[in-house]
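Each chain, written out:
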Amino acid sequence: MTASTENQPAAPPPPRRSDATRTAILAAARERFASDGYERATIRAIARDARIDPSMVMRYFGSKEGLFAAAVALDPRLPDLARVPRDEVGRALVDHFLGLWEENEQLTAVLRVGATNEAGAERMRRVFQEQLLPVARQVCPDPEQAPARAALCAAQLLGLALTRFVLRLPPARALAREELVAWLGPTVQRYLTAPNP
């Protein structure tokens, strides 16, 4: 054995067949939930898209709800807002969430499902409870108002996502990201930091 081959890292083992099957199911489920919504997406259609028997979907995930939960594991990956000036947090949030919606079809799937199904609604509640509420607590002038202020921010951000990415209203789609941040950033900022009306 030569010195050059001794120092080379070992090749990763080939993926196990079960890992490949699980990955195929999750990919098919994400596409189906995004395009059809939770109610219309069926285990049979997801299995057909993944080129497996429907019983395999149930074997891996137990139920349609279990599959949905696994397929749309969300992490909004909020930036460290401690480094953002307090009067710029609104703009930073709008810009961050726009970036997420643009690159992550899972969020669109959850928004579609959340309007009609408790599993999707619970997913969205958890995202905003775990991510948006702490931001409101950091910057709002009265900590007791943080839940209400976070809810107002959520209404603005979800309304934007609904009109731009789900309903695809042409005027909402036509606005550049910078324009949306310029319009909505000050509104979200007011919800977070303005004095109580």
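Check the entry above for the structure.
Residues numbered from 1 in each chain as written. Predicted model: local features only at pLDDT ≥ 70, side-chain atom pairs only at ≥ 80, totals over all residues. Heavy atoms only, no water.

Things to note about the overall build of the protein chain
Looking only at helices and strands, the protein chain has 11 helices and zero strands in total. In sequence order, the protein chain lays out its α and β elements as α-α-α-α-α-α-α-α-α-α-α. Residue burial in the protein chain is summarised as follows: out of 197 residues, 42% are buried. Restricting the contact set of the protein chain to residue pairs at least 6 apart, pairs at least 24 apart contribute 69%. Total accessible area on the protein chain is roughly 11,500 Å²; 53% of this is exposed by carbon and sulfur atoms. (Helix = DSSP H or I, 4+ residues; strand = E, 2+ residues; numbered from the N terminus. Buried < 20%, exposed > 50% of the residue type's maximum accessible area, 1.4 Å probe, protein only. Contact = heavy atoms within 4.5 Å. Areas by Shrake-Rupley, 256 points an atom, 1.4 Å probe, with all protein chains shown as cover.)

Examining the nonpolar core
Most often, soluble globular proteins keep nonpolar side chains buried together rather than apart. Counting 57 residues, the largest nonpolar core has Phe 33, Leu 67 and Leu 93 as the members making the most contacts within it. Beyond its immediate sequence surroundings of up to four residues, Leu 93 is in contact with Leu 78, Leu 81, Leu 132, Val 135, Leu 157, Val 188 and Leu 192. (Core = buried A, V, L, I, M, F, W, Y, C linked by side-chain atoms within 4.5 Å.)

Digging into the environment of Val 89
Residue placement: Val 89 occurs in helix H6 (residues 89-103). Measuring from C-alpha to C-alpha, the distance between Val 89 and Ala 136 comes to 9.7 Å, with 47 residues separating the pair along the chain.

Things to note about unusual backbone geometry
Its identity is not glycine, yet Arg 51 carries a phi of approximately 60°, on the positive side. Mapped onto the elements of the fold, Arg 51 is located in the loop between helix H3 (43-50) and helix H4 (54-61). Of the residues examined, Arg 51 reaches a relative accessible area of 77% and is grouped as exposed.

A look at the packing of helix H2 (residues 17-40) against H4
The N-to-C vectors of H2 and H4 enclose an angle of 100°; their axes lie 11 Å apart at closest approach. Relative to H4, the element H2 lies roughly perpendicular. Taking contact as the criterion, the partners of Ser 18, Thr 21, Arg 22, Ile 25 and Leu 26 in H2 are, on H4, Met 56, Val 57, Tyr 60 and Phe 61. (Axes fitted to C-alpha atoms, helices over the stretch in contact; angles between N-to-C directions. Parallel < 35°, antiparallel > 145°, perpendicular 65-115°, else oblique.)

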